[in-house]
Amino acid sequence: MKPQGAVTALATFAVLGCLTLSTTQASAAAPQELPSAAALPVVNMEATVLAAQIDPRRADDTLTPGAKASVLAVERALQARNLLDARWVDGYFGTTTITAYAAYQRSLGHTGLAANGLPGASSLATLGQSRFTVSHVIKPGAKTGRDGYVVNTRTQAMLVEAERLLGRRLVLDQGSYNPGGDPTSAGTHDGGGVVDINVDGMSADTRTAAARALRQVGFAAWVRSPAQGNWPWHLHAVAINDTDQATQAQNQVGDYYLGLNGLANRRPDDGPRVPIRTWEDYQRTR
């Protein structure tokens, strides 16, 4: 017969062995958990959209400051869907990435302005599922009326604030979402965020002051003269980072950041010099 101590020890060992086996089996059977949202990279939508407007207009492969990590995350997600070749996963949101993102938007069933290659809030959130989270979300807002034209609520809020800075009312000559409405506009008004402003009765100094106020709140804005094209004197303004923009308006924003005039001749910017910022930047500094 075995001593009582030995019997007790053997029994204890057997129980512990069963517990260890059960724990191991349970661990093997448990499904692998996906990374928590806190562990995922964060895509800054403001920086990403800005890069998507500026990078395609660059003559080189300079990256948009503050956007590289976010753009890389977006490009890797596009690559994972076989929409972007690995050699273009570089943090540069150029024309190839724009084309890939537009193809992704179309794969979601989007058409028209919702498939313009600029990351919109909905498509970006869908692309990021299990891959990244999105911060600094931009939304143009619903369409609304102003002076008999159509704008979105983001553009309207920007115009109201520019009026406050200028101290006078700004009346539109043309609004947004106006495809083919004015052939001289070259398609810039086809999407959101773009307006032309009447300058009748304004002095040269007031026109310049109005352009400055528009720039301060986040528009790429210029005084346009009859010498530049087949149009009367007016102010042309494009809301930076409006994700409803037509391609032509996207190009004007990119040119503005690069110190150009937003016209087809791509000459130096002839407008008032102010620190370039988006509407969201402006609101954070108020």
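Residues numbered from 1 in each chain as written. Predicted model: local features only at pLDDT ≥ 70, side-chain atom pairs only at ≥ 80, totals over all residues. Heavy atoms only, no water.

Draft legend 1. Representation of the overall build of the chain. Summing up its helical and strand segments, the chain has nine helices and eight strands in all. In the chain, of all internal contacts separated by at least 6 residues, the share reaching a separation of at least 24 is 58%. Surface exposure of the chain reaches about 14100 Å², of which carbon and sulfur atoms provide 55%. (Helix = DSSP H or I, 4+ residues; strand = E, 2+ residues; numbered from the N terminus. Contact = heavy atoms within 4.5 Å. Areas by Shrake-Rupley, 256 points an atom, 1.4 Å probe, with all protein chains shown as cover.)

Draft legend 2. The arrangement of the nonpolar core in detail. Among the nonpolar cores identified, the biggest contains 25 residues, and V74, L78, F93, Y101, L124, L127 and F132 are the most heavily contacted of them. Apart from the residues within four sequence positions on either side, Y101 is in contact with V74, L78, F93, G117, L118, P119, G120, S123, L124 and L127. With 23 residues, the next largest nonpolar core counts L172, A210, L214 and Y282 among its residues. (Core = buried A, V, L, I, M, F, W, Y, C linked by side-chain atoms within 4.5 Å. Buried < 20%, exposed > 50% of the residue type's maximum accessible area, 1.4 Å probe, protein only.)

Draft legend 3. View of unusual backbone geometry. A positive phi angle is found at N82, which is not glycine, with a value near 60°. Relative to the elements of secondary structure, N82 occurs in the loop between α3 (68-80) and α4 (95-107). Relative accessible area serves as the criterion here: at 72%, N82 is assigned to the exposed category. Phi is positive for R266, close to 50°, though the residue is something other than glycine. With respect to the helices, strands and loops of the structure, R266 is situated in the loop between α8 (247-257) and α9 (279-285).

Draft legend 4. Focus on helix α6 (residues 153-166). The end-to-end C-alpha distance of α6, which contains 14 residues, comes to 20 Å, matching closely the 20 Å that a straight helix rising 1.5 Å per residue would cover. Of the residues making up α6, those classed as buried are R154, T155, M158, L159, E161, A162, E163 and L166. Positive backbone phi, at 80°, marks G167, one or two positions downstream of α6. (Expected span 1.5 Å × (residues − 1).)

Draft legend 5. Summary view of the packing of aromatic side chains. Counted under the stated rule, the structure contains four aromatic pairs. Here the aromatic rings of Y101 and Y104 are separated by 5.8 Å at their centres, their planes lie at 70°, and the arrangement is edge-to-face. Taken together, the residues span about one helical turn, with Y101 and Y104 both in helix α4 at a distance of three residues. Each member of the pair, Y101 together with Y104, is buried. Ring plane angle 85° and centroid distance 5.8 Å describe the contact between W222 and Y256, whose orientation is recorded as edge-to-face. Taken together, the residues span a long stretch of sequence, with W222 in strand β7 (residues 219-224) and Y256 in helix α8 at a distance of 34 residues. Under the relative-accessibility criterion, W222 is labelled buried at 0%. The positively charged end of K143 is found above the aromatic ring belonging to Y177, 4.3 Å away from the centroid. Here the guanidinium or amino end of R207 rests over the ring plane of W233, the centre of that ring lying 4.1 Å away. (Phe/Tyr/Trp six-rings, centres within 6.5 Å; stacked < 30°, edge-to-face > 60°. Lys NZ or Arg CZ within 6 Å of the ring centre and 35° of its normal.)

Draft legend 6. Molecular detail of the environment of L235. By the element assignment, L235 lies in strand β8 (residues 234-239). Sequence-wise, L235 and D196 are 39 residues apart; in three dimensions their C-alpha atoms are separated by 5.5 Å. In this structure L235 touches V195, D196, I197, V199, R207, A210, A211, L214, W222 and V223, once residues within four positions along its chain are discounted.

Draft legend 7. The pairing of strand β3 (residues 143-146), seen in detail. Where β3 lies against strand β4 (residues 149-152), four bridges are found, and the strand directions are antiparallel. In the strand pairing of β4, K143 is matched with N152. Once β3 ends, the chain turns through two residues before running back antiparallel as β4, passing D147 with a positive phi of about 55°. (Pairing = 2+ DSSP bridges.)

Draft legend 8. The sheet that holds β8, seen in detail. Taken in spatial order, the four strands of this open sheet run β5-β6-β8-β7, and their pairing is antiparallel. Two strands in the sheet have a free side with no partner beyond their single neighbour: β5 (172-174) and β7. Between one strand and the next, the sheet's axes are offset by a mean angle of 30°, whatever the strand orientation. Pairing analysis gives six bridges linking β7 to β8, with the strands arranged antiparallel. Across the sheet, residue F219 finds its bridge partner in β8, namely A239. (Axes fitted to C-alpha atoms, helices over the stretch in contact; angles between N-to-C directions.)

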